[in-house]
Amino acid sequence: MAIEHKSEIKIDIELDENRIPEKLKWTAKDGGVENEETKALLLSVWDSKSKESLRIDLWTKDMPVDEMKVFFHQTLVAMSDTFYRATQDDKMSATMKDFCDYFAEKLELKQK
């Protein structure tokens, strides 16, 4: 089967003299994103040869801690949804969602 379309996701990182991210920008033209600034990113890829995940976790030094907590919560919820779509495992997906609720409660992220 021939490849009909190729897509690119680009991440630009501006570092300070200590190699700490100061600015993060990303582009995903197919998604309508062009050189958008962000404060944090978490990227995971699967290495099928070594059967392990590889990660790049970056955030700018001016990323507020309260926003980082919300970012992590939303990422965990999204991972729960992705896990369900990938596996159709209702029980574990529900367990993951329960943990997300617990996480939000302990960090006092949910409105009362």
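Every chain is numbered on its own, with residues counted from 1 as its sequence reads. It should be noted that, the model being predicted, local features are given only for residues of pLDDT at least 70 and side-chain atom pairs only at 80 or more, the latter also being counted only at that level, while totals for whole chains, interfaces and linings use all residues. The side-chain values count all of the structure's non-hydrogen atoms but skip hydrogen atoms and water molecules.

Caption draft 1: Layout of the pairing of strand 4 (residues 40-47). Note: strand 4 against strand 5 (residues 52-59), 8 bridges, orientation antiparallel. From the neighbouring strand, Ala-40 faces strand 5, where its bridge partner is Trp-59. Here, strands pair whenever DSSP counts at least two bridges between them. Comment: elements are numbered from the N terminus, with helices defined as DSSP H or I runs of at least four residues and strands as E runs of at least two. Between strand 4 and the antiparallel strand that follows it, strand 5, lie 4 residues; Lys-51 among them carries a positive phi value of about 55°.

Caption draft 2: Structural view of the sheet that holds strand 3 (residues 33-38). Within the open sheet, the 3 strands sit side by side as 1-2-3. Their pairing is antiparallel. Unpaired on one side and paired on the other, strand 1 (10-15) and strand 3 mark the two borders of the sheet. The sheet shows a mean angle of 20° between the axes of neighbouring strands, taken without regard to direction. Bridge count for strand 2 (residues 21-28) against strand 3 is 4 bridges, and the pairing is antiparallel. Paired with Ala-28 across the bridge in strand 3 is Val-33. Each axis is a line fitted through C-alpha atoms, taken for helices only over the stretch in contact, and angles between the N-to-C directions span 0 to 180 degrees.

Caption draft 3: Fine view of a nonpolar patch on the surface. Note on patches: the residues involved have over 30% relative accessible area and no salt bridge, like charges join within 9 Å, and the nonpolar side chains Val, Leu, Ile, Met, Phe, Trp and Tyr join within 5 Å. For every accessible area listed, the method is Shrake-Rupley and the probe measures 1.4 Å; residues are considered covered only by the protein chains on display. Think of a salt bridge as a Lys or Arg side-chain nitrogen and an Asp or Glu carboxyl oxygen that are within 4 Å of each other. On the surface, a cluster of nonpolar side chains totalling about 740 Å² of accessible area is made up of Ile-9, Ile-11, Ile-13, Leu-15, Trp-26, Leu-43, Val-45, Leu-54 and Ile-56. Elements supplying a minimum of two residues to the nonpolar patch: strand 1, strand 4 and strand 5. Considering every element that reaches the nonpolar patch, the biggest residue donor is strand 1, with 3 residues. Within the secondary structure layout, Ile-11 lies in strand 1.

Caption draft 4: Just the side chain of Ser-93, in detail. Locating Ser-93 in the fold gives a position in helix 2 (residues 90-106). Residue class for Ser-93 comes out buried when judged on its relative accessible area of 8%. Non-local contacts of Ser-93, meaning those with residues more than four positions away in its chain, are made with Ser-80, Phe-83 and Tyr-84. Summary of the burial criterion: residues with accessible area below 20% of their type's maximum are buried, those above 50% are exposed, and those between are partly exposed, where the area comes from a 1.4 Å probe applied to protein chains only. Residue contacts are counted whenever heavy atoms from the two residues lie within 4.5 Å of one another.

Caption draft 5: Quick look at the pattern of salt bridges. By the definition in use, this model includes 6 salt bridges. The closest approach of N and O atoms between Arg-55 and Asp-57, which form a salt bridge, is 2.7 Å. The exposure class of Asp-57 is partly exposed, given its relative accessible area of 28%. Across the pair Asp-81 and Lys-97 runs a salt bridge, and its minimum N-O distance is 2.4 Å.

Caption draft 6: Representation of unusual backbone geometry within the structure. With a phi close to 55°, Lys-51 is a non-glycine residue in the positive phi region. With respect to the secondary-structure elements, Lys-51 resides in the loop between strand 4 and strand 5. The phi dihedral of Glu-108 falls on the positive side, at around 55°, and the residue is not glycine. Note on placement: Glu-108 falls in the segment after helix 2.

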